[in-house]
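Here are the chains, one letter per residue:
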Amino acid sequence: MTRKQEVLSDVVIKFAGDSGDGMQLTGSQFTNSTALLGIDLATFPDFPAEIRAPQGTLPGVSGFQLHFSSERVFTPGDECDVLVAMNAAALKTNLKTLKKGGKIIANTDGFDAKNLRLANYPDGVNPLEDGSLSNYEVVRMDVTKMTREALKEVTMGMKEKDRAKNMFVLGFLYWMYNRSLEMTEKFLTDKFGKKPEILDSNLKALKAGYYYGETTETFTTTYKVERAKMEPGTYRSIMGNQALAYGLIAASQKSGLPLFLGSYPITPASDILHELSRHKSFGVRTFQAEDEIAAVTASIGASYGGSLGITTTSGPGVALKAEAMGLAVMLEIPLVVVNIQRGGPSTGLPTKTEQSDLLQAYYGRNGECPMPIIASSTPSDCFDVAFEACRISVQHMTPIMLLSDGYIANGAEPWKFPKSDDLPELKVKFKDGLAEGEDKFLPYKRDEKLVRPWAIPGTPGLEHRIGGIEKQDVTGNVNYEPENHQHMVFTRQAKVDRIADYIPEQKLDSGPESGKLLVLGWGSTYGAIKSAVAELQAQGHAVSHAHIRYIRPFPKNLGDLMKKFDQVLIPEINNGQLIKIIRDQYLIDAKPYNKIMGVPITKSEMVMKIKQMLGLS
Amino acid sequence: MSQTIAPALTAKDFATDQEVRWCPGCGDYSILAQVQKIMPSLGIPKENIVVISGIGCSSRFPYYMNTYGMHSIHGRATAVASGLKASRPDLSVWIVTGDGDGLSIGGNHTIHLLRRNFDVNLLLFNNQIYGLTKGQYSPTSEERKVTKSTPFGSIDHPFNPAALALGADATFVARSMDRDPKHLQDMLLRSQKHKGASFLEIYQNCNIFNDGAFETFTEKSTKPDNTLFLEHGKPLVFGAQQNKGIKIDGFRPKVVEIGTEASLDDLWIHDEKDFYKAQILVRMFDDPRIEGHLPRPFGVFYETERPCYEEMLNLQIEEVITAKGKGNLDKLLRGNEVWSIE
């Protein structure tokens, strides 16, 4: 039969199911197939903190949202066009994000009496049958039954067969969106090559889903999204934590410093440890320490020995590392502390996103303890920011805090990856011995950047002792004199402040250089602000957007840039943190916009707030 | 890194220009002197030696050693040393810690360092008191001890450091004391010679806050009858007249009089390689105030070989590079799936 093919410009799909249903895999496979067609995209995985919460229950729902478009995409989308619901709980949890008129692809087997009860539907109520979904287009498929049917020849237990359900759904969606199965077939072959039965069942289910779409007459339309008009070049799909790990490896390669990662597993940062531990061929040493404190102090030890010392964690881990970061500030040696922020305080919301560790990064250590701070704004930006963090750390002999968050850490986007040759060399020079006329090594003698020499053990003539006790400037000897302490406090601050001479000036992301309103963001709010501002600019409103990467020190021109606007709006996924620092440093009456729900700010929320600021609503 | 052997050094070459600031009479002076004495004989250029400490009286040690050194933060010397040794196996890494630093606030890192078996030397100065914070009880203080923070006596049961180290699968466990310079030098040399993590507990007198904590073991009049010096392959003999010995009675060590109760041949022959006997030896930890107590052993309880963490870490890297070749950054950044936009 002939079918209609409809061309769409923009689609948001949410895959939702039980946390054991393989929705993250399904979503990421669909994402990769989308990326390979040159379609722009952004993703947002949303999973429970429990590995396998009780099956079928509301807390057990795992979701993966994918926004793809032939236009540029900067957010995973506010509302979904399509909701894949593997069970009743998945429907109930996600229905509110589905557009009116949107499509629900429901696995009817996940709506049996037991699943309905687990999803807290009242006795006898089935949303697929009671007409409550009349505002949506509901596609009912008994995925379980059809998967079992497709696998009837396979000699596996029913439970194992049912694991391939997600591949059936993926196959169906591939048909619906005119995709080829090839990429996923290759992926499955690589993954399950050594387990022929599992491979066979997954491939069969994938194909069965595809053929189901093709042969069933119920479905009259397939959809196509054209490739996006993006800057020419070669692209790949990348996730934030992966990009961050690559940025660290690149910095190690470009500086010639072996990478040492001390880390303790913590959500949502562990993927960086996993990724780096795979790359031993780059000489990467990963050390899974006994705790967060050992992780950071081992990295300090490695840095003292001349490695590129890195530690990766999330907010609770940063809290534990605070004293050690103070030590690194006193030792004045390089150390990159990566915080993939999550909802806090305490254990908080381990799998949800938040930007609430900025003040911790800024102030969260004892004593006057300045550390530079740098923040990434999108998944691929994590690469550049990681590279920059290493540059600042080794060239300014200082620990630095890199802030990312769960949203961009697990989100994916197309990345026009750089060539190794295009990356700048990171010049690092260890002091290699006493200079002529120098009769004694002075470990705290500073250069024009106020930076002291990096003298590593094994270098004859430079034997010296350093530590966390206050020391005399120049000699580095223990010193408790009042004037010296004040001098050292000022000097450590001045050293960090002086980094401003070695970072780019702040640029506007879009909009006029002066006017009524500047939206000033940092970190993962980038996409929402950018798309909201773009929409309003297209409607003719004068609004500008600047996004800060360098938070400590700020770019030198930031104050002047902000003062050209009548109003400055600072949206954050916290209770107002950057805004405190901005107000403190520039005495600007900036206005906050805060959302603290463990999820990103949406574009429409941003549009609404900006309109209100412009007096349009 | 330079590996050339420097011209013969002396103990003085290992002293710094910093004034030593321990209390007069502190046992730390003797330990520093013995460490400086043995250093020249190691044949290691001093630029390749790193002394890392945490916080506490003992942790001032690096300032007085003319080598590389770091006075880190409380309890973390072991972790700093782990990162340094993992990334720089060429260095000779010495950790100086105390009973508070290494067994209380840093207890976790101590046991993990031992199980991983980095090739480092851990010197645990045990004075059974918190000296730097002026006299609180420590995790090795005896029960009922009256200190500033335990005016009615401590109710904490103390650690037995050597047993703890053996429990953490240390590959070298030994004990010595500040007041026996010769023995301490021997033990320092043994620690250095051992390939793997060496755990050396050193009884150290704090003459200000816990004076005489070990006097039963260190004073001429009581030492011979209360201490047992272990020597590999030799029977366990002690006493002023060398007329007492240790015999194994089932699983229990028992004091016997040589000649009347047993002959030399009946005695326990010390075997540093015997893991099971070492378990019994480290448990010879009687309170010397108790009637009929066993003597306290000094020397090497146990030594074994096990691959070192840093060796295996670097071997893995070499193996991967041999199998796959050196990492190529462009390949990594490109990944497996790309698309082009013209």
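In this text the structure is predicted, and so the values were computed from the model without any measurement.

Cut-off values and rules
- Residues numbered from 1 in each chain as written.
- Chains lettered and ligands numbered in written order.
- Predicted model: local features only at pLDDT ≥ 70, side-chain atom pairs only at ≥ 80, totals over all residues.
- Heavy atoms only, no water.
- Domains from an automatic or database assignment.
- Contact = heavy atoms within 4.5 Å.
- Salt bridge = Lys/Arg side-chain N within 4 Å of Asp/Glu carboxyl O.
- Polar contact = N/O pair within 3.5 Å; in protein donor to acceptor, adjacent residues only side chain to side chain.
- Nonpolar A, V, L, I, M, F, W, Y, C, P; charged D, E, K, R; others polar.
- Helix = DSSP H or I, 4+ residues; strand = E, 2+ residues; numbered from the N terminus.
- Disulfide = S-S within 2.5 Å.
- Buried < 20%, exposed > 50% of the residue type's maximum accessible area, 1.4 Å probe, protein only.
- Buried area = accessible area lost by both parts, 1.4 Å probe.

> Sorry if this is basic, but what is going on with the domain arrangement of chain A here?
For an interface, size is often stated in terms of accessible area lost upon the parts coming together. Residue and element names in this part refer to chain A. Each domain of chain A was delimited in the assignment, giving domain 1 (4–225), domain 2 (236–422), domain 3 (435–494) and domain 4 (508–613). Computed over C-alpha atoms only, the centres of domain 1 and domain 4 are separated by 36 Å. Tallying the contact residues gives four residues for domain 1 and nine residues for domain 4. Joining domain 1 to domain 4, the criterion identifies zero salt bridges. Where domain 1 meets domain 4, there are two residue pairs in polar contact (both at pLDDT 80 or more). Classifying every residue of the side of domain 1 that touches domain 4 by side-chain character gives two nonpolar, one polar and one charged.

> When you look at the environment of Tyr212(A) in this model, what are you seeing that I'm missing?
Residue and element names in this part refer to chain A. Here Tyr212 is to be found in helix 8 (residues 196–215). Tyr212 sits 34 residues away from Asn178 along the chain, and the two C-alpha atoms are 14 Å apart. Sequence-distant contacts of Tyr212, defined by excluding residues within four places in its chain, comprise Arg140, Met141, Met146, Phe168, Phe172 and Phe219.

> I'm lost on the state of the cysteines in this one. Help?
Cysteine pairs can be linked by a disulfide, which is a covalent bond between their two sulfur atoms. Here the structure, examined in full by the defined rule, presents zero disulfides over all chains. Left unpaired, Cys390(A) is separated from the closest cysteine sulfur, that of Cys382(A), by 13 Å. A relative accessible area of 0% places Cys390(A) in the buried class. Distance from the sulfur of Cys26(B), which forms no disulfide, to the nearest cysteine sulfur (Cys23(B)) is 6.3 Å. Note on Cys26(B): relative accessible area 11%, which makes it buried.

> It is not clear to me how the interface of chain A and chain B should be interpreted in this structure. Could you clarify?
Facing the 72 residues of chain A at the interface are 61 residues of chain B. The junction of chain A with chain B conceals about 5500 Å² of combined surface from both sides, 62% of it contributed by carbon and sulfur atoms. Counting across the chain A and chain B interface gives two salt bridges. Close ionic contact of Glu290(A) with Arg116(B) constitutes a salt bridge, the shortest N to O distance being 2.7 Å. Breaking the side of chain A that touches chain B down by element, the ones donating at least two residues are helix 1 (23–36), strand 9 (233–239), helix 9 (240–255), strand 11 (285–288), helix 11 (292–304), helix 12 (315–331), strand 16 (412–415) and strand 17 (465–467) of chain A. A per-element tally of the side of chain A that touches chain B places helix 11 of chain A first, with eight residues. For the side of chain A that touches chain B, the residue count by class is 39 nonpolar, 21 polar and twelve charged.

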